[in-house]
Amino acid sequence: MATAPGSHDFTVIDSETLYQGAILALRKDHVRMPGGGRAAREVVEHFGAVAIVALNDKREILLERQYRHPVARRLWELPAGILDIPGESPLTAAQRELQEETAYAAHHWWVIADTITSPGFADESVRIFLARGLYQVERPTPEQEEADMELQWVPLQQAVQRVFSGDIINSIAVAGILGVSQCLAAGGEEILRPADAEWDSRAWRFAQRRDS
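As annotated in an unreviewed UniProt entry, the protein chain is ADP-ribose pyrophosphatase from Lawsonella clevelandensis.

Put into structure tokens, the structure is as follows:
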């Protein structure tokens, strides 16, 4: 019997793990489709991540230019990191990543947006924070790709134009830059959620797999 659009229950009939690594797993689900058929869906499980728009009093944001091997190029990005430390809150992770990658900390934090980066094949979710009241702190010695990372303070409106010109293509950076620009245009941080807001869309399966 046909169901109304938007009401079908996509039940997983069976599932198998194809690969499990350090930061992700790949599984194949067989899912019940509308009309009674079934289809295979490959899903990448991920820890999830946090990213930070660090905005100073000059309305400049701190961007990183970092080599990303999957695309074999350097990308302009926000400070960010995966949620791979058991028990660490997203806010604590963001504070740690900001210090480790940029040698800055911040007095004030808000949530700009929660994003699902690639829902067609992955469950990765990223919480994007706004950090203000910045001050310098000691930074650990960078390693691996971060040892080659370039940091640059960019005026916010210039960063917006770099999104539209195609110079900034990292999806998390695009969301964070446009999000904070709209936030300031709409009146400021009072429209944002608190830094410890509930995060219902946070990825959880890979962490559960690791801890089981």
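Continuing now.
Caption draft 1: The arrangement of the nonpolar core in detail. Counting residues in hydrophobic clusters, the biggest one holds 27 residues, and the most contacted among them are V53, I61, L63, I112, I128, L130 and I177. Counting only elements with at least two residues in this core, the list comes to β4 (49-54), β5 (60-68), β8 (104-116), β9 (125-136), α2 (156-165) and α3 (171-185). Examining the composition of this core, we find that 6 residues originate from one element, α3, more than from any other. Excluding anything up to four places from it in sequence, I128 contacts A51, V53, L78, W110, V111, I112, A113, T115, I172, A175 and G176. Listed in part, the 16 residues of the second largest apolar core include V50, A93, W109 and A131.

Caption draft 2: Examining the sheet that holds strand β3 (residues 38-46) more closely. Pairing is antiparallel across the open sheet formed by 3 strands, whose spatial order is β1-β2-β3. Strands at the two margins of the open sheet, each flanked by one partner only, are β1 (12-20) and β3. Going across the sheet, the axis of each strand differs from the next one's by a mean of 20 degrees, ignoring polarity. Here strand β2 (residues 24-32) pairs with β3 via 9 bridges, running antiparallel.

Caption draft 3: The arrangement of the sheet that holds β5 in detail. The sheet built from 3 strands is open, its strands ordered β6-β5-β10 with antiparallel pairing. Each having just a single partner strand, β6 (73-77) and β10 (150-155) make up the two edges of the open sheet. The mean inter-strand angle of the sheet, taken between neighbouring strand axes irrespective of direction, is 30 degrees. The pairing of β5 with β10 spans 6 bridges and is antiparallel. When the sheet's bridge partners are listed, R65 is paired in β10 with E150.

Rules used throughout
Here, residues in each chain are numbered from 1, in the same order as that chain's written sequence. The predicted origin of the model limits local features to residues at a pLDDT of at least 70 and limits the giving and counting of side-chain atom pairs to 80 or more, whereas totals for whole chains, interfaces and linings rest on all residues. Side-chain metrics in this entry use all non-hydrogen atoms of the structure; hydrogen atoms and water are not considered. Joining through side-chain atoms within 4.5 Å is the link that ties buried Ala, Val, Leu, Ile, Met, Phe, Trp, Tyr and Cys residues into a set, and such a set is a nonpolar core. Burial status follows relative accessibility: with a 1.4 Å probe on protein chains alone, a residue under 20% of its type maximum counts as buried, one over 50% as exposed, and anything between as partly exposed. Every helix listed is a DSSP run of H or I at least four residues long, and every strand listed is a run of E at least two residues long, numbered separately from the N terminus. In what follows, a contact means two residues having at least one pair of non-hydrogen atoms within 4.5 Å. At least two bridges found by DSSP between two strands are what make those strands a pair. Angles here are taken between N-to-C directions and fall from 0 to 180 degrees, while the axes themselves are lines fitted to C-alpha atoms, restricted in helices to the stretch in contact.

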